[in-house]
Amino acid sequence: MTAASLWKTTRFDLDLTERPLVMGIVNVTPDSFSDGGQHAEAAKAIDFCERLLGEGVDILDLGGESTRPGAPRLDADEEWRRLEPVMRAVLNFGVPVSVDTCKTEVMRRALDLGVDIINDVQALRDEGADALLAEHGSAGICLMHMRGEPAGMQQLTDYADVVTEVSAFLDERMRHLVTQGVAAERITLDPGYGFAKTVDQNLDLQRRQRELLTLGRPLLVGWSRKSTLGAVTGRAVDERLPASIGAALASVALGARIVRVHDVGATVDALKVWQAFGAPQG
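Participant: Could you give an account of the pattern of salt bridges, naming the residues involved and the relevant values?
Facilitator: When the charged atoms of two side chains lie near each other, side chains of opposite charge can form a pair. A complete count under the given rule lists 21 salt bridges for this structure. Close ionic contact of Arg 225 with Asp 263 constitutes a salt bridge, the shortest N to O distance being 3.0 Å. You can see Arg 225 sitting in the loop between β9 (219–221) and α7 (227–233) and its partner Asp 263 sitting in the loop between β10 (256–261) and α9 (264–276), a full 38 residues away along the chain. Taken together, the shared-partner salt bridges connect Asp 77, Glu 105, Arg 108 and Arg 109 into one network.

Participant: I'd like a description of helix α4 (residues 129–136), backed by residues and values.
Facilitator: Taken residue by residue, α4 has Ala 129, Asp 130, Leu 132 and Leu 133 as its buried positions. The buried side chains of α4 occupy one side of the element, clustering within an arc of 160° when seen end-on. For α4, the secondary structure elements touched by its buried residues are α3 (104–113), β6 (117–120), β7 (140–144) and α5 (162–179). Just beyond α4, the residue with positive phi is Gly 137, at close to 95°.

Participant: Just give me the short version of helix α8 (residues 241–253), but keep the residues and values in it.
Facilitator: If you check α8, its first and last C-alpha atoms are 18 Å apart, about what 13 residues at 1.5 Å a residue would give, namely 18 Å. All of the buried residues in α8 are Ala 243, Ser 244, Ile 245, Ala 247, Ala 248, Leu 249, Ser 251, Val 252 and Ala 253. Tucked into the core, α8 has its buried residues touching α6 (199–207), β9, α7, β10 and α9. Where α8 ends, the next residue or the one after it, Gly 255, has phi of about 110°, a positive value.

Participant: Which residues make up empty space enclosed by the protein, and what are the values?
Facilitator: For the coordinates displayed, the defined rule picks out three cavities of 30 Å³ or more. Estimated volume of the largest cavity: approximately 50 Å³. Of the residues contributing to the lining of the largest cavity, the split by class is six nonpolar, three polar and two charged.

Participant: So what about unusual backbone geometry? Which residues, and what values?
Facilitator: Note: most peptide bonds trans; most residues except glycine with negative phi. Phi angles above zero are rare outside glycine, and Ala 123 is one such case at about 55°. The residue Ala 123 is located in the loop between β6 and α4 in this model. With a phi angle near 60°, Leu 124 is a residue other than glycine that sits in the positive phi range. Among the secondary structure elements, Leu 124 is positioned in the loop between β6 and α4.

Participant: Could you give an account of the side chain of Asp 130, with specific residues and numbers?
Facilitator: With respect to the helices and strands, the residue Asp 130 is situated in helix α4. Look at Asp 130: it is buried, it has no salt bridge, and the nearest opposite charge is Arg 173 at 4.9 Å. Beyond its immediate sequence surroundings of up to four residues, Asp 130 is in contact with Leu 124, His 176 and Leu 177.

What counts, and at which threshold
- Residues numbered from 1 in each chain as written.
- Predicted model: local features only at pLDDT ≥ 70, side-chain atom pairs only at ≥ 80, totals over all residues.
- Heavy atoms only, no water.
- Salt bridge = Lys/Arg side-chain N within 4 Å of Asp/Glu carboxyl O.
- Helix = DSSP H or I, 4+ residues; strand = E, 2+ residues; numbered from the N terminus.
- Buried < 20%, exposed > 50% of the residue type's maximum accessible area, 1.4 Å probe, protein only.
- Arc of directions from axis to C-beta.
- Contact = heavy atoms within 4.5 Å.
- Expected span 1.5 Å × (residues − 1).
- 1 Å grid on protein atoms, 1.4 Å probe; cavity = no way out; pocket = protein on both sides within 12 Å on 5 of 7 lines; lining within 4 Å.
- Points joined across faces, edges and corners; volume = space filled by probe spheres on them.
- Nonpolar A, V, L, I, M, F, W, Y, C, P; charged D, E, K, R; others polar.
- Lys, Arg positive; Asp, Glu negative; His and termini not counted.

Below is the structure:
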């Protein structure tokens, strides 16, 4: 079974039939787990986005608040202060721009600027977020599974069956949005690898990822540099490039249509070879 192959966003209708898309992570934060705040300054983040364009990125995903395990909450004004100058610049780069936020007020400001996608680790559960996206009418939406908030999510891993429960959560959130008037073609789903899940649960969810295709929407997944890859390989976060590429390819083989990564150029090249060799997708 293959998931739906069109993702409608504010300015772009993304065709997912021919190849998986690469979403590049741009952390405009001083405390990211993966890049040590290298792009916390707006000018550096914009330069980094330009570099990702040269590497073949399909979507730029801007985040102004860390969602690493244990991360504290940031107020909306500070999050927007980090994001706004970068977003204003990259909206002219000719590729879809996503904002990684769980705050309704940040979503509102980003949508007013013309952002293409709202990527929410809390699946639009902030007060008013669902109504905001229903009113907007065209922005793409990524709904991710997570329990609780980043600060305490790793204490919330008591699943009877992680795959069944993740699937049920994503199905409920998607159905809720559709009843609010959101077209299904605007929605993608993210299993939330690394969010409120143990190493074994992440691996079980990955092995059974195809079961999520029955939900009928494209899967967007993010394995890049995560701690489960470190647990499997014994590698530190800055040594997980091969593991991250392997996870991206495995995810595509199991049905993912968008991979969210830090190392865009290497992932783009790996996917080109994967396709040239006729490797299975989905």
